[in-house]
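# Coordinate analysis (summary)
Take a look at the letters that make up each chain.
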Amino acid sequence: MKELAIFTQLMIRERKDIALSIVGGFIAGIAGVGLFGASGYLISKTVFAPPLYTLIVLTSLVKILGLVRAASRYGERLYSHRATFSLLSRLRTAFFVKLLPLAPGVLSNKRSGELLTRIVGDVESLQFYFLRVAYPPVMVIMVFLATVLFTSIYSVWIALVFVLGMLIATFVIPAIVMSGQRKFHGLVRQQRAAFANNVTEMLYGFRDIKVYGYLKPLKEELELASAELGANQREDAVRLLRGQSLHIFLTFLVSWSVLVLSAYLIVQDSLAGVFLAMLVMTSNTAFEEAAPMATLPAYKQDSEYAAERLTETVLSAEVPNKQSLREFPGNTALSINLREVSYQYEGDWRPVLREVTFALPSGSKTAIVGPSGSGKSTLLELLLKLRNPVSGDIYMNGVLISQLDEEDIWRNSNVVLQHSHFYRGTIRDNLLAEEGRYTDAELTAVLVKVQLINTSLDDSVFERGENLSDGEKQRLAMARAILQTGRLWLLDEPTSSLDYVTERLVLLQLMNRAVDDTLVLVSHRLAGLEIMDQIVVMEQGRVVETGTFTELMELQGYFYRMKQIESQVISSAGD
Ligand SMILES: Nc1ncnc2c1ncn2[C@@H]1O[C@H](COP(=O)(O)OP(=O)(O)OP(=O)(O)O)[C@@H](O)[C@H]1O
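Residues numbered from 1 in each chain as written. Predicted model: local features only at pLDDT ≥ 70, side-chain atom pairs only at ≥ 80, totals over all residues. Heavy atoms only, no water.

### Looking at the overall build of the chain
Selection criterion: Helix numbering and strand numbering both begin at the N terminus, where a helix is a DSSP run of H or I of at least 4 residues and a strand a DSSP run of E of at least 2. Summary of the burial criterion: residues with accessible area below 20% of their type's maximum are buried, those above 50% are exposed, and those between are partly exposed, where the area comes from a 1.4 Å probe applied to protein chains only. Between two residues, a contact is recorded if the distance between any of their heavy atoms is within 4.5 Å. Per-residue and other accessible areas were derived by the Shrake-Rupley procedure at a 1.4 Å probe size, with only the shown protein chains allowed to occlude residues.
A tally of regular secondary structure across the chain gives 19 helices and 12 strands. Here the chain, with 575 residues, has 44% of them falling under the buried criterion. A separation of at least 24 residues holds for 77% of the contacts in the chain among residues at least 6 apart in sequence. Accessible surface computed for the chain: about 29,900 Å², of which carbon and sulfur atoms make up 60%.

Put into structure tokens, the structure is as follows:
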């Protein structure tokens, strides 16, 4: 199956450990069969009171085989587990490297809880591919062939019993295990993903869920789902155990058959009685070695399913071809051109942006205004190449954005999105400034610029900034942007939670800092836009007006009417 090709390639890189584990496993298997065979022979031989040297040779052989078996089993375990963990670490890295450039796309398509359990669970499942799928057949075939060859020296019929038993162990028992497994194929995995989704959603929205009294039904639902998942996991484990029990039953069945057949052959004078115990012990040990065959197809199916889903996760997003990308155009303030840009969210029936065309000259300051839902934030995401236009073109300094590496765009932009993320740590950690790049005095000066006057760099920040007000979060996000050195500013309502005075002060600082740079400010508020070089007015995904504040007011169109309404609302609120 082609999805497992990645794994096969990784196995080739671990070939040395794999080869050593196969050699160790083979020696351990053969030594085990030899050890028990020799013990059986020794027991039988003592009955005939053989010369002392025969007993010494046989006892020494048993001891040596015991030592060889233990040492080679140790080697096999050491190398096979080392190979497994190296494979796991390579697999994790390889998958993460593939996932990383796709992150914004994959994260917006998938629910976070599901994505996490999928990736972790599927990668962990694949670690068993080598130990429980690829490795056992090689070992079983080698040990078994050697054993059949050895027994055929004494009796072809006994060798045939071995072959028959092995066919049952390799095909019939796994088929019985699989017949139950097929019905439940992937069910546990799907249930686990659904469960993780519900838990993550509950954790994210815990406060609202609690306040609205929705906690109890949700908890009951989760408990039910958890019990169902537990029951199915138990059933899965029981199915595997049933396979192993069947295999043990087969081992005894074969040993009994060998015993009966040997007894018959001894009576017929076709076999010397002294070999009876040896053959029975040999069959018992050889079949013990084949125990992993019972669960092999179940693990194989599980690994294939995991590989398929992992591939689907990385293939479901567009893979950027970095080779054909062009160098980011210079260290100057960017000029940006949008030509007939349209965008539609996946699965949505209407476009969010429709043939948007406007230009942002180098060093210009542009405000994008419009009612909620008119597509302003989506437009910024397109400029950041977090999303790609469905049609139309975006140029940055004359280069098509599709030919630019998004990481270059991010590095050259100072961004404040509507919802910034904050980490558990200190204010200093959350400024995300490269260590050693700024002194504490410089960082504090930036905090002052964004009016976080009483905030210290060592103040703690809780997970997701729970202990910060919305206004503090916005100012901290603004401080982060100010500490960046890009020449493009993309700000999505960065001051919407601030009071009027603080907002003015912060924006003033920002304009001073970005004086020579290109700046785009998405804003709901229309006050203070006089200082902008250009205002782009959007409505239902279209650009309806563009111009300076004065031009738009003179036009007496959409912006003018919005401004009138805002003034009326402000004055009536003041009455
Ligand atoms: N991830 C998404 N998937 C599907 N639809 C989305 C997604 N994000 C936004 N939308 C839809 O796209 C439209 C435009 O959203 P967008 O956030 O760009 O508007 P906006 O003008 O920035 O709004 P606001 O001023 O309220 O922030 C909305 O109708 C919204 O429902």
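That covers the picture; the talk isn't over yet.
### Observations concerning the site of the ligand
To keep things clear, this is the line we draw: We call a residue near a molecule or strand when any one of its heavy atoms sits within 4 Å of it. Polar contact is the term for a pair of N or O atoms within 3.5 Å; when the atoms are in protein, one must be able to donate a hydrogen and the other to accept it, and sequence-neighboring residues count only if both atoms are side-chain atoms. Residue polarity follows a fixed list, in which Ala, Val, Leu, Ile, Met, Phe, Trp, Tyr, Cys and Pro are nonpolar, Asp, Glu, Lys and Arg are charged, and the others, Gly among them, are polar.
Neighbouring residues of the ligand: 15 residues in total, closest Ser372, Lys376, Ser377, Thr378 and Gln418. Take Tyr345: an N or O atom from its side chain is 3.2 Å from a nitrogen atom of the ligand. The separation between an oxygen atom of the ligand and a polar side-chain atom of Glu493 is 3.4 Å. Protein burial of the ligand: of its 620 Å² of free accessible surface, 66% is covered by the chains. Residue classes in the shell around the ligand are distributed as three nonpolar, eight polar and four charged.

### Quick notes on the sheet that holds strand β9 (residues 488-492)
Here is the rule: By this definition, two strands are paired if DSSP reports at least two bridges between them. Throughout, an axis means a line fitted to C-alpha atoms (over the contacting stretch in the case of helices), and angles, computed between N-to-C directions, take values from 0 to 180 degrees.
Pairing within the open sheet is mixed, and its six strands lie in the order β6-β9-β10-β3-β11-β12. Here the strands that pair on one side only, and so sit at the sheet edges, are β6 (413-416) and β12 (542-547). Taking the axes of each pair of neighbouring strands and ignoring which way they run, one obtains an average angle of 15 degrees across the sheet. Bridge count for strand β3 (residues 365-369) against strand β10 (residues 518-522) is four bridges, and the pairing is parallel. Residue Ile368 lies in a different strand from β10, and its bridge partner there is Val522.

### Details of the packing of aromatic side chains
Note the threshold: Pairing of aromatic rings covers Phe, Tyr and Trp, the last through its six-membered ring, and needs centres within 6.5 Å; plane angles under 30 degrees mean stacked, over 60 mean edge-to-face, and all others mean tilted. Both a distance and an angle decide whether a charge sits over a ring: NZ of Lys or CZ of Arg must be within 6 Å of the ring centre and within 35 degrees of the ring normal.
Summed over all chains, the structure comprises eight aromatic pairs. Residues Phe162 and Phe287 carry aromatic rings whose centres are separated by 6.1 Å and whose planes lie at 90 degrees to one another, so their mutual orientation is edge-to-face. On the criterion of sequence distance, the pair formed by Phe162 in helix α6 (residues 156-183) and Phe287 in helix α10 (residues 276-289) is long-range, its members being 125 residues apart. Note on accessibility: Phe162 and Phe287 belong to one class, buried. An angle of 90 degrees between the planes, with centres 5.1 Å apart, marks the rings of Tyr343 and Tyr345 as edge-to-face. Accessibility expressed as a relative area gives 9% for Tyr343, which makes it buried. Site record: aromatic cluster; members linked through ring pairs are Tyr41, Phe150, Tyr154 and Phe275. The ring of Trp349 has Arg350 sitting right over it, with the charged end atom 6.0 Å from the ring centre.

### Observations regarding the pattern of salt bridges
If charged atoms from side chains of opposite charge come close, those side chains can pair. Our working rule: Between Lys or Arg on one side and Asp or Glu on the other, a salt bridge is scored when a side-chain nitrogen of the former is within 4 Å of a carboxyl oxygen of the latter.
Throughout the structure, instances matching the rule amount to 21 salt bridges. A salt bridge links Glu381 to Arg387; the nearest nitrogen and oxygen atoms lie 2.5 Å apart. There is no split in this pair, since Glu381 and Arg387 are both buried. Measuring nitrogen to oxygen at the nearest pair gives 2.4 Å for the salt bridge that ties Asp408 to Arg411. Of this pair, Asp408 and Arg411 both sit in helix α13 (residues 406-411), three residues apart, roughly one helical turn. Overall, Arg411 belongs to the exposed group, its relative accessible area being 53%. Taken together, the salt bridges that share partners define one network made up of Arg73, Glu76, Arg77 and Glu289.

### Notes on the pairing of β10
Convention followed: By convention, a crossover is right-handed whenever its connection, traced from the first strand over the helix to the second and viewed with the strands pointing away, goes clockwise.
Counting buried residues along β10, five of its five residues qualify, which places the element largely inside the surrounding structure. Burial along β10 is two-sided: the residues Thr518, Val520 and Val522 and Leu519 and Leu521 are all buried. Of the strand pairs in this sheet, β9 and β10 are connected by five bridges, and their pairing is parallel. Paired with Leu488 across the two strands is Thr518, which belongs to β10. For the crossover that starts at β9, traverses helix α17 (residues 500-513) and ends in the parallel β10, the hand is right-handed.

### A closer look at the sheet that holds strand β1 (residues 336-343)
With antiparallel pairing, four strands are arranged side by side in an open sheet as β2-β1-β4-β5. Of all strands in the sheet, those with a lone pairing partner are β2 (353-360) and β5 (399-400), marking the two edges. Inspection of the sheet shows β1 paired to strand β4 (residues 391-396) by five bridges, in the antiparallel sense. Its bridge partner being in β4, Leu338 is matched across the sheet by Ile394. Contacts from helix α12 (residues 376-383) reach β1, β2 and β4, with the element oriented near 120 degrees to β1.

### Describing the UniProt feature "transmembrane region" (unreviewed entry) in the chain
Our working definition: UniProt positions are given in the numbering used here, feature names are shortened, and annotations may be inferred rather than shown by experiment.
Under the UniProt annotation, the feature "transmembrane region" (unreviewed entry) is placed at residues 20-42, 48-68, 128-150, 156-177 and 248-267. The span residues 48-68 is 81% helical and 0% strand by assignment, and the distance between its end C-alpha atoms comes to 28 Å.

### Topic: the side chain of Gln474
For Gln474, the location among the structural elements is in helix α16 (residues 470-482). Taking the relative accessible area as the measure of exposure, Gln474 reaches 11% and is therefore buried. Within the structure, Gln474 has its side chain in polar contact with the backbone nitrogen of Ser497 (distance 2.8 Å). Once residues within four sequence positions are removed from consideration, Gln474 is found in contact with Glu493, Pro494, Thr495, Ser496, Ser497 and Leu498.

### Here's the deal with the packing of helix α7 (residues 187-204) against helix α9 (residues 215-267)
Put simply, the rule is: Any angle that is under 35 degrees is reported as roughly parallel, and any over 145 degrees as roughly antiparallel; angles of 65 to 115 degrees are reported as roughly perpendicular and all others as oblique. A crossing counts as left-handed when the near helix is turned anticlockwise from the far one by less than a right angle, and as right-handed when that turn is clockwise.
Relative to each other, α7 and α9 sit at 155 degrees, their axes nearing to 10 Å. In this view, α7 runs roughly antiparallel relative to α9, as classed from their interaxial angle. In the packing of α7 onto α9, the handedness of the crossing is left-handed. Contact residues: α7 offers Leu187, Val188, Gln191, Arg192, Phe195, Asn198, Val199 and Met202, while α9 offers Leu215, Leu218, Leu222, Ala225, Ser226, Glu228, Leu229, Asn232, Gln233 and Asp236. Taken together, the residues that form the contact of α7 with α9 break down as 10 nonpolar, five polar and three charged.

### Overview of the nonpolar core
Cut-off, in case you're wondering: To define a nonpolar core, start from buried Ala, Val, Leu, Ile, Met, Phe, Trp, Tyr and Cys residues and group those joined through side-chain atoms within 4.5 Å.
Formed by 51 residues in total, the largest nonpolar core has its most connected members in Phe7 and Phe130. The set of elements that each furnish at least two residues to this core consists of α1 (5-13), α2 (15-47), α3 (52-99), α5 (112-154), α6, α9, α10 and α11 (296-315). If one sorts the elements of this core by residue count, α5 sits on top with 11 residues. When neighbours within four sequence positions are excluded, Phe130 is seen to be in contact with Phe7, Met11, Ile18, Ser21, Ser80, Ala83, Thr84, Leu87, Tyr135 and Pro136. Counting residues in hydrophobic clusters, the runner-up holds 42 residues, among them Leu476, Ile535, Phe549 and Phe559.

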